[in-house]
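This is what each chain is made of:
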Amino acid sequence: MRVTFLGTGSAMATGERFQTGILVQEDGRTLLVDCGSGVLHRLQQSGVGYETVSSVLLTHHHLDHVADLLPLMKARWLAGEEHLEIVGPQGTKGLIDGLLSVHEYMQEKLELRVREVHPGGFSVAGFDVSAYETRHSLPCLAYRFDDRFTFSGDSEAFAGLANFADESAILAHDCSFPDDVDVSNHPTPERLGTALAGTDIGRVYLTHLYPHTDGRHEEMLESIGVHYDGDVRFAEDLTTITVE
Ligand SMILES: [Zn+2]
Ligand SMILES: [Zn+2]
């Protein structure tokens, strides 16, 4: 399995990190998880291309996770592609209907299959996925791809989510802010380290990074390391990890 970070930023632009998007690929199957602003460009830069992405899995409906959905639809239509499957939590059908009611000319350009999923197991693009409800300001699902890859989506750090990710080879976890930012709905390094303590995860990648984290990576890693002694790194746009 190959996991590619297309966007490791958040709702506030850093100038370097685009908004959330992760590609999961295996044996010719491709799944895009989230589609924030900039992801369409990163798809081209990654060499994968939007023609290859016929399934999108959404964690939740905040703009920084869905902003490039319509641009993706339009690019696929212009490229002669005919289908797009969009899978996400409750409200995904309403979101897509709403987007298409604003941009009416995009209606019926693609054959859309829209599906809502819930905590538990389901299949998308040939991948068996488990979903777990996170703690965020909108309904949001974390996703796990067997014992290889887990993505937190947007979430506070808490034991339930850490247990959901336990024994994954790779975990990509929201770590939006450094410790001195007073925040709810997202973790700080201290809270993430506390939640991960005692778990057995191959490697943790920190993502969903606000500009507040610029220049503060060392202290954030140290803060996590007080509670959690595993391998923790910062995700970067266009980094690909191969997971056996
Ligand atoms: Zn969010
Ligand atoms: Zn977000």
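For the structure itself, consult the block above.
Residues numbered from 1 in each chain as written. Chains lettered and ligands numbered in written order. Predicted model: local features only at pLDDT ≥ 70, side-chain atom pairs only at ≥ 80, totals over all residues. Heavy atoms only, no water.

Chemist: I'd like a description of the coordination of the zinc ion (ligand 1), backed by residues and values.
Modeler: The zinc ion (ligand 1) binds to the protein through His 60 (NE2), His 62 (ND1), His 136 (NE2) and Asp 154 (OD), with metal-donor distances spanning 2.1 to 2.3 Å. What the 4 donor atoms of the zinc ion (ligand 1) show is an angle range of 92 to 166 degrees at the metal, which sorts the shape as irregular. In the primary structure, the donors to the zinc ion (ligand 1) are separated according to the pattern H-x1-H-x73-H-x17-D. The metal-metal distance between the zinc ion (ligand 1) and the zinc ion (ligand 2) is 3.4 Å, with Asp 154 coordinating both. Remark: His 136 occurs in the loop between strand S8 (127-133) and strand S9 (141-145) and His 62 occurs in the loop between strand S4 (55-57) and helix H2 (63-66); sequence separation between them is 74 residues. What makes His 62 partly exposed here is its relative accessible area of 24%. (Donors = N, O, S within 2.8 Å, 3.2 Å for Na, K, Ca; no water. Tetrahedral: all angles 85-135°; square planar, octahedral: opposite > 155°, others 65-115°. Helix = DSSP H or I, 4+ residues; strand = E, 2+ residues; numbered from the N terminus. Buried < 20%, exposed > 50% of the residue type's maximum accessible area, 1.4 Å probe, protein only.)

Chemist: Can you explain the packing of aromatic side chains? Please cite residues and give values.
Modeler: One pass over the structure, following the stated rule, counts 7 aromatic pairs. With a centroid separation of 6.0 Å and an interplanar angle of 25 degrees, the aromatic rings of Phe 145 and Phe 149 are classed as stacked. According to the relative accessible area criterion, Phe 145 is buried, its value standing at 1%. Its relative accessible area of 1% is what places Phe 149 among the buried residues. The rings of Phe 127, Phe 145 and Phe 149 are connected pair by pair, giving a single aromatic cluster. Looking at Arg 29, its charged tip hangs above the ring of Phe 127, at a distance of 4.6 Å from the centre. Here Lys 109 stacks its cationic end above the ring of Trp 77, 4.9 Å away from the centre of that ring. (Phe/Tyr/Trp six-rings, centres within 6.5 Å; stacked < 30°, edge-to-face > 60°. Lys NZ or Arg CZ within 6 Å of the ring centre and 35° of its normal.)

Chemist: Could you give an account of helix H3 (residues 69-78), with specific residues and numbers?
Modeler: When we look at burial in H3, the residues that qualify are Leu 69, Leu 70, Leu 72, Met 73, Ala 75 and Arg 76. Where H3 terminates, the next one or two residues include Gly 80, which has phi positive at roughly 90 degrees.

Chemist: Break down the pairing of strand S2 (residues 21-26) for me, citing the residues and quoting the values.
Modeler: Counting buried residues along S2, 6 of its 6 residues qualify, which places the element largely inside the surrounding structure. The alternating pattern of S2 places Gly 21, Leu 23 and Gln 25 and Ile 22, Val 24 and Glu 26 on opposite faces, both of which are buried. Relative to S2, strand S1 (residues 2-7) runs antiparallel, the two being bridged by 5 bridges. Bridge pairing in S2 places Val 3 opposite Val 24. Relative to strand S3 (residues 29-33), S2 runs antiparallel, the two sharing 5 bridges. (Pairing = 2+ DSSP bridges.)

Chemist: Go over the coordination of the zinc ion (ligand 2) with me, naming the residues and quoting the values.
Modeler: With distances of 2.0 to 2.2 Å, the protein atoms coordinating the zinc ion (ligand 2) are Asp 64 (OD), His 65 (NE2), Asp 154 (OD) and His 208 (NE2). Classification of the site at the zinc ion (ligand 2) rests on its 4 donor atoms, whose angles at the metal span 90 to 172 degrees, yielding the label irregular. The motif formed by the donor residues of the zinc ion (ligand 2), counted along the single chain, is D-H-x88-D-x53-H.

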